[in-house]
Amino acid sequence: MKIIMGADHAGYELKEAVKQHLKEKGHEVVDLGTDGKESVDYPDYAQKVSHEVLKEHAMGVLCCGTGIGMSLTANRIRGIRAAVCHSDYTAKVAREHNNANIICLGGRTIPPELAIHMVDIFFSTDFSPEERHHRRVDKIEATKCC
Ligand code: RB5
């Protein structure tokens, strides 16, 4: 699977840990930065990763302090469904129910072991075939900005 990754300074270390794991598992990983702990603005990375996910028909991982700023930014881009996950269950249903294409993780809120476990669940779970989930995700995509 092709996975596009990005982080700000607060998510940098988590990104590196998750990246190493995903590479070891054989995924094709594209890292769009940031490349260190110097302070940067998370929206810049959320935007870059989101556009690349859409262009490459790929999936994404975004890490910041909480995952929240990344998800708020990414979800402004049509076609992106970016989910902040904090447990096995949220990682699973973000794919099964919401067809999320980006998982957002908090470098200051979750340990790397949990993040690694969640990305394994996220990237091995398919969108449910059940009609109600497709109907609901279609309604997300049809939502007009106002
Ligand atoms: C950076 O200090 C922090 O605000 C950012 O990483 C993130 O948590 C925002 O949602």
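Once a new chain begins, its residue numbering starts again from 1 and follows that chain's sequence as written. This being a predicted model, a pLDDT of at least 70 is required before a residue's local features are given, and a value of 80 or more before pairs of side-chain atoms are given or counted; all residues contribute to the totals for chains, interfaces and linings. Excluding hydrogens and water, the side-chain figures rest on all heavy atoms present in the structure.

Trainee: Hey, could you run me through the site of the ligand in this one?
Mentor: What makes a residue near a molecule or strand is one non-hydrogen atom of that residue sitting within 4 Å of it. In the vicinity of the ligand, the residues found are Asp 8, His 9, Ala 10, Tyr 42, Cys 64, Gly 65, Thr 66, Gly 69 and Arg 108. N or O atoms within 3.5 Å of each other form a polar contact, as long as, within protein, one can give a hydrogen and the other can take it, and as long as residues adjacent in sequence are counted only when both atoms are side-chain atoms. Between the ligand and Gly 69, the relevant distance is 2.8 Å, taken from an oxygen atom to a main-chain nitrogen or oxygen of the residue. The protein chains shown are the only cover counted for residues, whose accessible areas, like all others here, come from Shrake-Rupley with a 1.4 Å probe. In isolation the ligand offers 290 Å² of accessible surface; the protein chains occlude 72% of this area. Following the grouping adopted for this structure description, the nonpolar residues are Ala, Val, Leu, Ile, Met, Phe, Trp, Tyr, Cys and Pro, the charged ones are Asp, Glu, Lys and Arg, and the polar ones are all others, Gly among them. When grouped by side-chain class, the residues that make up the shell around the ligand number 3 nonpolar, 4 polar and 2 charged.

Trainee: Which parts of the structure should I look at to understand the packing of aromatic side chains?
Mentor: Think of it this way: a Phe, Tyr or Trp ring, Trp meaning its six-membered ring, pairs with another when their centres are within 6.5 Å, and the plane angle makes it stacked under 30 degrees, edge-to-face over 60, tilted otherwise. Considering all chains together, one arrives at 1 aromatic pair under this definition. Between Phe 122 and Phe 123, the ring centres sit 5.2 Å apart and the planes meet at 85°, which makes this aromatic pair edge-to-face. Each residue's exposure class comes from its accessible area (1.4 Å probe, protein chains only) as a fraction of the maximum for that residue type: buried when under 20%, exposed when over 50%, partly exposed otherwise. Residue Phe 123 is classed as buried on the basis of its relative accessible area, which comes to 9%. Charges are assigned to positions over rings by a cutoff of 6 Å between ring centre and Lys NZ or Arg CZ, combined with an angular limit of 35 degrees from the ring normal. Taking the ring centre of Phe 122 as reference, the NZ or CZ of Arg 95 above it sits at 5.9 Å.

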